[in-house]
Amino acid sequence: MSNDKKFETKLIHFGGEIDKTTGASSVPIYQASTFHHNDIFNPPAFDYSRSGNPTRQALEDYIALLEGGARGFAFSSGMSAISTTFMLFSAGDHLIVTEDVYGGTYRLLTSILTRMNIETTFVDMTKPEQVKAALKPNTKGVYIETPSNPTLKITDIEFIANWARENNLLSILDNTFMTPYYQRPIELGVDIVLHSATKFLGGHSDVLAGLAVARNDSLGRQLKFLQNGLGTVLGAQESWLLMRGMKTLGARMAHSEISSRKLAEWLSSRSDIQNVYYPGLTNHPGREIHEKQSTGYGAVVSFDVGSEEKAKQVLSKVELPIVAVSLGAVESILSYPAMMSHASMPREVRLERGITDGLLRFSVGLEDIDDLISDLEQALK
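Residues numbered from 1 in each chain as written. Predicted model: local features only at pLDDT ≥ 70, side-chain atom pairs only at ≥ 80, totals over all residues. Heavy atoms only, no water.

**Observations regarding the sheet that holds strand β8 (residues 275-277)**
Moving on, step 1. A sheet is described by the order of its strands in space; here five strands give the open sequence β8-β9-β12-β11-β10, paired in mixed fashion. Bordering the open sheet on either side are β8 and β10 (322-323), each of which pairs with just one other strand.
Moving on, step 2. Summarising the sheet, strand β9 (residues 300-304) and strand β12 (residues 359-363) pair through five bridges and their orientation is antiparallel. Its bridge partner being in β12, Val300 is matched across the sheet by Ser363. (Pairing = 2+ DSSP bridges. Helix = DSSP H or I, 4+ residues; strand = E, 2+ residues; numbered from the N terminus.)

Shown next, in the form of structure tokens:
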């Protein structure tokens, strides 16, 4: 399919939406582990589902189209996509990483990759001078999360990607919060884009998946080798579920973003809320940069109620959002980073990054926003 179509059209017409054999309006689920060789001298395109599956391939082509990259890859979870990508690096390498990165990524870098002698420096990427100062002779990559999780700090993608290229570093960006609907990092110079597709791309809290998109064929071949060698692939059923969810991404993101802006403004007007983090607020320090690189503000609002006691009160009293790990679903999800997404981060490190004991993260779903606000109001009393 040509790339001149608008994004919402690509979501529906991505090249694999109609089965070429039967005309079915949905990609078939090829629930097969292996494939027959009709001619032993001319092996088929697919031979074993770890190496390639037609359903997964349709999904991989789909995300590559949406992100504007050369090749896409589907993994068994977001962390599977992240950990497989980090296997591009070797013992002795050094990485520069966004300081308030997702807790699972922090755990991987500080507790697992350290055993492989891969070193990480965490920096505040809103300050480019800190990124530059972290460069070492053995630095091989820069890992960006913007907006960051959960304090929604904004990194200048194009600046960091260009700086990385000038220094022969691989640039990697977690695009889970914005999705390609609002932000396409490859167009800004990033080498590899990652997603926890469990979140907004899937959108229905019913599939665990991760995605990666490589900027060029060379990187694509390296990621394919790792995906096959490590076996970190997404199954056919989950690939089909994810494609079904992705078709409604535009409608869901647009609706949730309007509601998120209203929620952020309402929270900002309250005297009992210490801080509100949302790129769409006029006082958000990264708003200008965010608007330069994204077409919307997203559907996640974080806010600080001031104390652990008050946070737990709110979590106990809300009735509409589910209180859970994760985000990006049709139902609103209220999370407590200190005990959930960032529980693996030591408390002193967490506090240094602004992830306080009173911080809550609200992923706004498709409910009526006035109902959500009324519910949150009673929970805060």
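There is more to say, and it comes next.
**Things to note about the side chain of Thr179**
Moving on, step 1. Inspection of the secondary structure puts Thr179 in helix α7 (residues 179-182).
Moving on, step 2. We classify Thr179 as buried; its relative accessible area is 1%. (Buried < 20%, exposed > 50% of the residue type's maximum accessible area, 1.4 Å probe, protein only.)

**Remarks on the UniProt feature "modified residue: N6-(pyridoxal phosphate)lysine" (unreviewed entry) in the protein**
Moving on, step 1. Mapped onto this structure's residue numbering, the UniProt feature "modified residue: N6-(pyridoxal phosphate)lysine" (unreviewed entry) falls at Lys199.
Moving on, step 2. Residue position: Lys199 is located in the loop between β6 (192-196) and β7 (210-214).
Moving on, step 3. Exposure remark for Lys199: the relative accessible area of 16% places this residue in the buried category.
Moving on, step 4. Apart from the residues within four sequence positions on either side, Lys199 is in contact with Thr176, Ser326, Leu327 and Gly328. (UniProt positions renumbered as here; feature names shortened; annotations may be inferred. Contact = heavy atoms within 4.5 Å.)

**Quick word on the domain arrangement of the protein**
Moving on, step 1. According to the domain assignment, the protein consists of domain 1 (7-244) and domain 2 (250-380).
Moving on, step 2. A separation of 25 Å is found between the C-alpha centroids of domain 1 and domain 2.
Moving on, step 3. For the pair domain 1 and domain 2, the summed buried surface comes to about 3,200 Å²; carbon and sulfur atoms form 61% of the total.
Moving on, step 4. If you look at where domain 1 meets domain 2, you find one salt bridge.
Moving on, step 5. Asp156 serves as the salt-bridge partner of Lys292, at 2.8 Å between the closest nitrogen and oxygen.
Moving on, step 6. Seen at the junction of domain 1 and domain 2, the total is 14 residue pairs in polar contact (both at pLDDT 80 or more).
Moving on, step 7. The set of elements that each furnish at least two residues to the side of domain 1 that touches domain 2 consists of α4 (103-112) and α7.
Moving on, step 8. Of the residues forming the side of domain 1 that touches domain 2, the biggest block, four residues, is contributed by α4.
Moving on, step 9. Considered class by class, the residues forming the side of domain 1 that touches domain 2 number 17 nonpolar, 13 polar and five charged. (Domains from an automatic or database assignment. Buried area = accessible area lost by both parts, 1.4 Å probe. Salt bridge = Lys/Arg side-chain N within 4 Å of Asp/Glu carboxyl O. Polar contact = N/O pair within 3.5 Å; in protein donor to acceptor, adjacent residues only side chain to side chain. Nonpolar A, V, L, I, M, F, W, Y, C, P; charged D, E, K, R; others polar.)

**Examining the packing of aromatic side chains**
Two aromatic rings, taken as a pair, are described by how far apart their centres are and by the angle between their planes.
Moving on, step 1. Summed over the entire model, instances satisfying the criterion amount to eight aromatic pairs.
Moving on, step 2. Summarising the aromatic geometry, the rings of Phe14 and Tyr62 are spaced 3.7 Å apart at their centres and angled 10° between planes, so their arrangement reads as stacked. With a gap of 48 residues between them, Phe14 in the loop between α1 (7-12) and α2 (54-67) and Tyr62 in helix α2 connect regions that are remote in the sequence. Comparing Phe14 with Tyr62, the two get one shared label, buried.
Moving on, step 3. Following the ring pairs from residue to residue traces out a cluster consisting of Phe7, Tyr181 and Tyr182. (Phe/Tyr/Trp six-rings, centres within 6.5 Å; stacked < 30°, edge-to-face > 60°.)

**A look at the packing of helix α12 (residues 308-317) against helix α14 (residues 369-380)**
Moving on, step 1. Close contact between α12 and α14 brings their axes to 8 Å; oriented N to C, the two are set at 130°. In terms of orientation, α12 lies oblique with respect to α14. Pair α12 / α14 crosses with right-handed handedness. Touching Lys310, Gln313, Val314 and Lys317 of α12 are Asp375, Leu376, Gln378, Ala379 and Leu380, all from α14.
Moving on, step 2. Tallied by class, residues from the contact of α12 with α14 come to four nonpolar, two polar and three charged. (Axes fitted to C-alpha atoms, helices over the stretch in contact; angles between N-to-C directions. Parallel < 35°, antiparallel > 145°, perpendicular 65-115°, else oblique. Left-handed = near helix turned anticlockwise from the far one by under 90°.)

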